[in-house]
Each structure stands twice: as structure tokens, then as C-alpha cells.
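Analysis of the macromolecular model
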Amino acid sequence: MTSSESSRLSRRALLRTTAVGAAAAATTVINPGAASAAPAIPPTHADQDRPSAGTRQKGPIPTPAEYFGTPIGTDGFLAQWDKMVPYFQLIAARSDRVNFQEIGKTTRGYPYILLTISSRKNLANLDKLVATNAKLADPRGLSEAEAKKLATEGKPFYYVQAGIHSTEVGNSQAAIEWAYRLATEQSDYIEKILDNLVILLQPCQNPDGIVLVNDYFAATAGTDYARTYPDLYNKYTGHDDNRDWIMLTQIESRHNVSILNKYRPHVFQDSHGAGAGAPRLFTPPYLSPYDPNIDTIQVQQTDTLGLAMQRGMTVAGMKGNGWGSEYDYWSPSRQYCVYHGAARILTEAASASNLAYPQVGTKPLGQQTTDINFIEPYDSKTWTLRNIIDWVSQAFYSGLESVAYDNYNWLYNSYRIGAKAVTRTSPYAYVIAAGQRDPQAVLDALEIFHLGAVEISQAQAAFTAGGKQYPTGSYIIYLQQPYAGFAKTLLEVQDYPQLLEYPGGPPQRPYDTTAQTLPMLLGFDADLIAESFSARTKLLSSVEPPAVSTPSAPPRTGAYAIGPESYGVFRIVAALQKQNIPTFRAAAQFTDGGRTFPAGTFLVPPTSAARKLLETQSKDTGIPVSALRSVPAVAGVQLKPGTRIGLLKPPDNMPSGWLMWTFEQYGVDYSVVEASDYANLADKYDAIIMPDGVSKNSIVNGLNPKSYPPDWAWAFGVGTTGWNQLHDFVTGGGTLVTYGSGTATAQSLFTLPITSVLPSGSSSDFYCPGSLLSQELDTNNPAAWGVPANNPAWFVSDDAYKLTSTTTYPVEVVAKYPDSGNQLQSGWLIGGESLNGAVNGLSWTIDKGYVVTFGNEIGFRTWNRSEQRMLFNAAYYGPSTKLTASQFQGLGK
């Protein structure tokens, strides 16, 4: 027997144990009055129209086919948002089972909606049911007897969401049929579900995307153009829109969190689509590992419910379904809900062809070998949009009935999970000391916790904890609270397990990243305190920047000074640029009034306009402003007024989308570089950013004009002429900043003398799937001004280099990996010794131009903000005017 065969058998044994345990849990009835699970019910019951004494329909509700003019699931047809929203409003207006609510507007201004569906009685008592959920989720002051009574009185809330990934079209289409059926069908089956559950149905979590994708699909019908929308289907994040559930930057993420925080649902069904060759439908159980901050009851409930869905599909004769593959339960960026009382039930349906056309093969589609987690292979050569809708609908109804028939346990388990959280004894708390080097980092972290319903206390006097003295104003996150797991998973160091496909084999790929340690990503300190301590505190109801005072106006020979230690300082820089206020940076450390200021400190001449702006900005950010008695005699630079930044953004490039969001939050003057710009790049831009994912092919070839309408001309290829024009932009004096795979593109453009040091063979030799690594920075280099000297590097399948020549171009090392020692700070790393002494960041002088390259992604999803400031440093430094010490002392005069 080979090691691979041995591993496969051991893996099967593990999966079999999981399946048996979850199935056993599914049949356990703690409440004597709870009914046993019913057999699976086919997805439609239009023939069961017996009137219900408890339901009153207020008017005729057209079927989806009648309303949209075409049956849902028809090949080549996708319902569009501008008709879907009125249909849901109509259903709510005419059914007393459905409430319609607009939670708010999306990024592009479309309605973000929620349907609350239940029996008329439950909807009438909705506020009471929500209050019951809140008491069970936060059981402080609640006795066990009271909890059991509430569990018999309440109703579980089942939150189902569709359409977050807009090209995964089947789920939002299915949601139309779900809403109609639940509103109109008068059968014992549906009425029992509605009596025992409150369903929160979000037909589309990304309305902007469904408009872009489905409208484009309709507009290109009957043409020779490609039918799939080619760009990001969320303005900034694209497919990463469900990777924002820790940073909570997007409007849609915050709307979603507001629903979870208000209703405290017990289940969150997150409906997605997968590739054409995937199982027809995936549900939990997940692969290992699970984040240990997820309560173990929640993990078991997730497994149980996922297997109930699998059983329902099998009973219904739906084949080709699987569990326990590809997807894990680790990264909180995709599962805010699990730290807030809801089991995350991910469903992933295999895709059809070209969004809404049949996928046809020469043999039955998908995996054709059986396993304990893949019982029956799919036995058809065809897979359609209608199939997708039927499969996801069966899983949905199987999930509903599983919870509805076991409602007491779901409610009482909510209490059990909360009780375990609020009675934790160790560790006791995290303390974030007041007065840290980057107030913006602390503020951003606290805002995340506040949005995440984490209780934050602030010390009203100095105190001692864990043998360390902390000043007044320090923040304390006690871990005896309902949602402490959310705070803990973001504050602690991740130790991802060493999981291999089989003994001695390659690593088992995590579905997303393996680290999310906020103190390392943002650049602040948070101390874990194991034992209890005493402190006089105040529970915060809101989060505000630390109070700062504006100094007295400096003399005419002096200046205002803003330190570079906070990444938030670039908000201030952008505001100064917008008002055309001269801004300078010292290129060396200096002292004034007994205080030492680091290289990179910003200086602003003392004008009334500058004072007014700095006073406002300092108050908004908590970043202090100082007054210098005299300008130091050190070399420095004057930032180019109105620095113009260009962003290379191929269609559907998520790193550039995230940068767009960051630039707009900061107020940076930027624009996307269009194909028509290449002929005169220097006339439009001072600095150009080349993020991860920008390749020579995306620049030279771009979108094919034959496949896309003229509206997409901005993304058409510029050929070798444009490629050379980008080269000439730099050599003529322009600035280029690259990171991730964008650095390999820059290497090709300029023949940079660097070579990868990473093994080119198996991932068993080197593997780093989203972790934080050790790094050493030259903080005297302009690209690293203000960054901590040991700021960790975010590394997600990136590259590290050896500098092969120092004579091809003048070059300086900005950042490197340590020569020896532990390269891993948080997450998972295999073969870290390959990084020993490797370079990461380099600054180059190429003819008249300035180029800064990073092998890693210094701008990843807005996560690694402390590191990301190097992008701003380089983009503003390159076009700046370099000043001698005497010139700088006169502030450029």
C-alpha cells in the first residue's frame, strides 16, 4: 500500500467518524416534545392549496413565471434586480407571512433588502422573538430554568443569503421561488416551518453586482460579445466581498452585520456557486481545521445541519453532492456569523455554462468515484440553471425543516454557547495601552470590535495587569462576554496546524488565509492577560479618536510637524494636497525642544489655512500635531503639489479595487490608467501603482475588442507600443510602485537584476498561504519612513528575491527577511529557511525615474495597513523635489 493510499484510507476513516457522529447528533432529541426529522420534501408543492386558518392572503400574488414573463431557471434567462425588488415588495404587500425591509443603500445606491418570513402570529410577535434571542445569546443574569422556558417560547431564526458573488447566478434566482412558495403555499409542511421558524431571506447580498452581471447578460443577448460581465462585480472588492467580514470596510458588509447583530439568527446559510466540475452541491461538514474560537457546540450544529441537507438531497434522488472537501472553518474573514451565534452553512452549487446555459459533457459530469463524503456520483451529461435552482432549493428546505423540527435545541444551545462565553475564566482580557505610536491603528481596531458587538471598556485610572502598569485611557476587552471569540481571533497570534494531503505529501490548501492578527496588520500592541485584575473602567457606547490639542502657532522660523508613525497621516497629506498647502518631509532624524522626530516627519509652514486644516484633521484622526521652534537643517523633500497618482487596473483585478477604496477613503487624487492614456502618461500622472495581478499580458493584450463593447475601450490592450510607453514614462522621470506579481511585471519591463529565491518545485518545499512573516526594514529609506523597523510582511503565495547586481541600476534595500531564525510570526509557513536573507522591498533609480518594488502584497484587502503606508511613501516621494539641508531649512524658498 502506498503512502497516498494509506492516507486516503485514514482520511476516509476520519470523514466516516464525522458523518456518524453528526448523524447521531441529528437524531438526538433533548426536548421530549420535539418531533423527529421528517423525510425530505420535493422542492415544489403548488398542488397543495388547502386553505389555512392561520394565513390570510391579502391579494393575488402572481407566480414568478407570470410576473417575469419567463419561468425562473429557463436557459438563457436571468431575472434582473429592477424587477426583482418590486416583486418582493408585491409579495410582502399581499401576504401576511412576509415583511419587506430596505436596510439601506449599496455602494452604487441600489436597495439592500431583507424579507422576514414566518407565520402571521410570529411576525406579530417579532419584537418579542428578537428580544428572546438577545437574552439567550447574552445570558448574563439569566438562570438555566429561565433559559429553558425562553427556549420553549422562542423561535429559531434562519438567515439565508444569496448572490454575494454575482456570477454565481443560481441562488438569487432560486430566492425568487423561495419567497413565492413560502408566501403562498398552504400545506402542513410549509405551515409547520413557518410556525416554528423565522426566516430572514436576503435575495441578494450584493445588489450592485446582480445589476452589473444580469443587466450585462441581458444587454449582450443576441450579440457576438462575451456574456459575462468582465470587471469587478462589487465596485471595490469583486469576489473578495465576502472576505471583508473582519475589517468591515464595505457598506454591504456593515448592512449584513447589522442584520446579524439585530436578529441574532441561529443559522446563516451562505449560498454560493462553484466551478463546473465541482460536486453538484457542497454543504458542511467542512474540512479541518476549524478556528478554536468557534464554540464546539456551533461546530457540531454546523455538521449536523449540513448532513441534514445532504440527506434531503439523497432522499429526493439528487446525486453528485459532497461534503468535507475544499472548504474549511478557519478564516473569520468569511464567517463573522460563527462568532455571533450562527452556524455558517456554506452551500456551493456547480455552475452551468456561460452563466445560464446548459453545461454539456461527453460523459456524466463531475467526480465519478464514491466516497463516504461523496455518496452518489452525478449520472447525467447535462447540468442546467434549472438543476442549480432545484438542488439549492432542496438543500434550503431540508435545512429549514431540520431546524424547525428541532427548534428547542437550537434555542437552548444558543444559551449554552453564550453561557460558556460569559463564564470564561482564562484568559481574562486583552489590554490595549493608551498612548501608542499609531492612534489610527488603535482607532481602526476598536471600530471593528464596536461594529462586531464586542464590549470595550476604558480605564478611568492607571492600573496594573499581568505585572505591567497601564495608563489612564487604556482599553480593556474582557473575555467574559458573548462575542469575545470575535475579538480573540483577531487579537491573538494564529498557529495554523500542519495539515498535509497525506503523510509526507503536499500541504492541504486552506480555503483562504491562515492569519488575521490585527496588532501585526495594523501596527499596535495588545497584551493578553491570563489572570483577573482590578481596574476602574467605563463601558464605551461609541469609539472616538483620542483627544488631542492643537499647539500654539509656531514662530515664522518654525513649522507644524506631524510624525510619520501613523498610517492615518496620509489622510492628512491628501487633505493638504487638496488645498494646495505646501508640505515637506525631513529626510533625517532631528530634535526640537528636547523631542526627537524621526526621518519622514512632515513639516507644514505656519499659515492660517494650514492651522485650520491640521486642527480639524488631528481631531478627526487622533494624530497629534506639534509646533517646531525652528526648521531643522537636514536634507528633505517638498511633496509635489497635487501629486497625480495613476492606478493600473486590469478588469476584475481585486488588488486594484481594494486600492481604489483606500484612495477614496483617504481622499487621494488618483485615477485608473486607461488605454488612451499611454500615449501621454507623463502629462496625466506623476506616479503609477502596479498592484498584484497586473501582467504584461493584461497591459499589452487587455480585453479583446471583438469580445466586448466599445464601453470597455479603457481596458483594451495597448500593444507593445503602450508597453514601451510605460517604460519611457519611468525613464523620463516618472515613479512606479509595484507589489506582489506586479514586481515580476516590472522585472520584465526593466530587466531588473533580481531572481526568486523560493523553491520552484513542490509546495512541500515552500508554502505560505496568507501569513505574517518576520521582516527587517531600513526606516531611513524614504519608502519605509514611519514604518516600525520589524513590521511583519504579509505573504500570500508571493515571491522573495536575491539581488543579483548592484551596478545595473542604483538600488537600495528597503525591506528584507532576517538572515536566520523563525520567519513565521502568525499563520502557517513551510520551508521558511528559504527566506533567510532574501530581499522584499527595493528602491531603484532607473534613468530619471524612481521605482520601488515589493515581492509581497503590501496592499492586501486593506488588511496590512501598517505595511501599506510604504506604497504612499513611495508614490509621494518619487515626484517630490529633493532639497539640501539649507533649502529645507528655508522650507524650499
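Residues numbered from 1 in each chain as written. Predicted model: local features only at pLDDT ≥ 70, side-chain atom pairs only at ≥ 80, totals over all residues. Heavy atoms only, no water.

1. A closer look at the overall build of the protein chain
Quick note on the threshold: For the purposes of this entry, the term helix denotes a DSSP run of H or I that reaches at least four residues, the term strand denotes a run of E that reaches at least two, and both are numbered from the N terminus. Values of the radius of gyration come from C-alpha atoms, whereas the globule rule sets the reference at 2.2 Å times the count of residues to the power 0.38. A 1.4 Å probe rolled over the protein chains alone gives each residue an accessible area, and that area as a share of the maximum for its type sets the label: buried under 20%, exposed over 50%, partly exposed in between. The contact criterion used is simple: two residues touch if any of their non-hydrogen atoms lie within 4.5 Å. Positive charges come from Lys and Arg, negative ones from Asp and Glu, while His and the chain ends are left out of the count. Every charge is mapped to an atom, namely NZ of Lys, CZ of Arg, CG of Asp or CD of Glu.
Within the protein chain one finds 25 helices and 39 strands. The globule rule puts the C-alpha radius of gyration for 893 residues at 29 Å, and the 29 Å found for the protein chain is close to it. Dimensions of the protein chain, computed from the C-alpha atoms along their principal axes, are close to 90 × 70 × 65 Å. Taking all 893 residues of the protein chain together, the buried fraction comes to 60%. Restricting to contacts in the protein chain with at least 6 residues of sequence separation, those with at least 24 account for 80%. One finds the centroid of the 68 positive side-chain charges in the protein chain at a distance of 4 Å from the centroid of its 77 negative side-chain charges.

2. Here we look at the sheet that holds strand β19 (residues 559-562)
Heads up, the condition is: A pair of strands is treated as paired once DSSP finds two or more bridges between them. In this analysis an axis means a line fitted to C-alpha atoms, helices contributing only their contacting stretch, and an angle means the value between N-to-C directions, from 0 to 180 degrees.
Across the sheet, 6 strands lie side by side as β24-β19-β23-β20-β25-β39; this open sheet has antiparallel pairing. The sheet terminates laterally at β24 (626-628) and β39 (881-883), the two strands that pair on one side only. On average, each strand axis in the sheet is inclined to that of its neighbour by 30 degrees, with strand direction left out of account.

3. Re the nonpolar core
A general trend in soluble globular proteins is that nonpolar side chains are found buried together. Our working definition: Among the buried residues, those of types Ala, Val, Leu, Ile, Met, Phe, Trp, Tyr and Cys that are joined through side-chain atoms within 4.5 Å form a nonpolar core.
Ranked by internal contacts, the top residues of the largest apolar core, which has 121 residues, are F449, L518, F524 and I689. Residues in contact with F524, not counting those within four places in the same chain, are I432, Q436, A441, V442, A445, L491, L518 and P519. Counting 78 residues, the second largest nonpolar core, distinct from the first, contains I199, L212, F217 and F396.

4. Focus: the sheet that holds strand β33 (residues 793-796)
Here 3 strands make up an open sheet; going across it, the order is β33-β31-β36 and the pairing antiparallel. The open sheet has two edge strands, β33 and β36 (824-826), and neither has a second partner. On average, each strand axis in the sheet is tilted by 45 degrees relative to the strand beside it, whichever way the strands run. Across 4 bridges, the pairing between strand β31 (residues 769-773) and β33 is antiparallel. Its bridge partner being in β33, L773 is matched across the sheet by A793.

5. Regarding the state of the cysteines
We apply this condition: Two cysteine sulfurs form a disulfide in these notes if their separation is within 2.5 Å.
Inspection of the entire model under this criterion finds 0 disulfides. Looking at C204, it has no disulfide partner, and the nearest cysteine sulfur is the one in C337, 18 Å off.

6. Section: the environment of F77
The topology assignment puts F77 in the loop between α2 (64-68) and α3 (81-94). Classification of F77 as buried rests on a relative accessible area of 19%. With 416 residues separating them in the primary sequence, F77 and V493 have C-alpha atoms 48 Å apart. Those residues in contact with F77 that sit more than four places away from it in its chain are F68, T70, P71, I72, Q173, F217, A356 and L385.

7. Considering the packing of aromatic side chains
The test is simple: The criterion for an aromatic pair is that two Phe, Tyr or Trp rings (for Trp, the six-membered ring) have centres within 6.5 Å, with stacked assigned to planes under 30 degrees apart, edge-to-face to planes over 60 apart and tilted to the rest.
Considering all chains together, one arrives at 49 aromatic pairs under this definition. Measuring from centroid to centroid gives 4.6 Å for Y327 and Y511, while their planes differ by 55 degrees, and the two rings are tilted. With Y327 in the loop between α11 (296-315) and β8 (328-329) and Y511 in the loop between α15 (484-491) and α16 (518-523), this residue pair connects regions lying 184 residues apart in the sequence. Taking the centre distance of 6.1 Å and the plane angle of 80 degrees together, the rings of Y378 and W391 count as edge-to-face.

8. Some words on the pairing of strand β3 (residues 157-161)
Counting buried positions along β3 gives 5 out of 5 residues, so the element sits mostly inside the fold. Burial of the side chains of β3 extends over both faces: F157, Y159 and Q161 are buried on one face and Y158 and V160 on the other. The sheet contact formed by β3 and strand β4 (residues 198-202) spans 5 bridges and is parallel. Paired with V160 across the two strands is L201, which belongs to β4. In this structure, β3 lies alongside strand β5 (residues 267-274), joined through 4 bridges in parallel fashion. Counted as the bridge partner of Q161 is D270 from β5.

9. Observations concerning empty space enclosed by the protein
Going by this rule: We place a 1 Å grid over just the protein atoms. Points where a 1.4 Å probe fits but has no way out form a cavity, open points with protein on both sides within 12 Å along at least 5 of 7 lines form a pocket, and any residue with an atom within 4 Å of a point lines it. Grid points are joined across faces, edges and corners, and a volume is the space filled by probe spheres set on the points. When residue character is reported, Ala, Val, Leu, Ile, Met, Phe, Trp, Tyr, Cys and Pro are called nonpolar, Asp, Glu, Lys and Arg charged, and the others, Gly included, polar.
With the rule as written, the count across this model stands at 7 cavities of 30 Å³ or more. As a volume, the largest cavity reaches approximately 150 Å³. As for the largest cavity, its lining consists of 15 residues, and the residues nearest its centre are K649, V673, Y678, S698 and I699. Classifying every residue of the lining of the largest cavity by side-chain character gives 12 nonpolar, 1 polar and 2 charged. Here the second largest cavity is characterised by a volume of approximately 50 Å³. What lines the second largest cavity is G163, H165, S166, E168, V169, S172, Q173, I210 and N214. At the level of elements, α7 (170-184) and α9 (207-219) are the ones that each hand at least two residues to the lining of the second largest cavity.

10. Observations regarding the pairing of strand β1 (residues 98-105)
The pairing of β1 with strand β2 (residues 111-117) spans 7 bridges and is antiparallel. Bridging across to β2, G104 finds its partner in Y112. Counted along the chain from β1 to the antiparallel partner β2, the turn is 5 residues long, and its residue G109 has a positive phi close to 90 degrees.

11. Some remarks on the pattern of salt bridges
To be explicit about the condition: What counts as a salt bridge is simple: a side-chain nitrogen of Lys or Arg found within 4 Å of a carboxyl oxygen of Asp or Glu.
Summed over all chains, the structure comprises 27 salt bridges. Between E102 and K105 there is a salt bridge whose closest N-O contact spans 3.1 Å. Judged by relative accessible area, K105 falls into the partly exposed class, the value being 45%. Connected through salt bridges with shared partners, the residues D240, R243, D512 and R861 form a single ionic network.

12. Some remarks on the environment of W723
Counting through the fold element by element, W723 comes out in helix α22 (residues 719-731). For the pair formed by W723 and K696, sequence separation is 27 residues and the distance between their alpha carbons is 7.7 Å. In this structure, W723 is in contact with K696, I699, V700, V718, T745, S748 and L749, ignoring residues within four places of it in sequence.

Worth remembering: the numbers are spatial, not functional.
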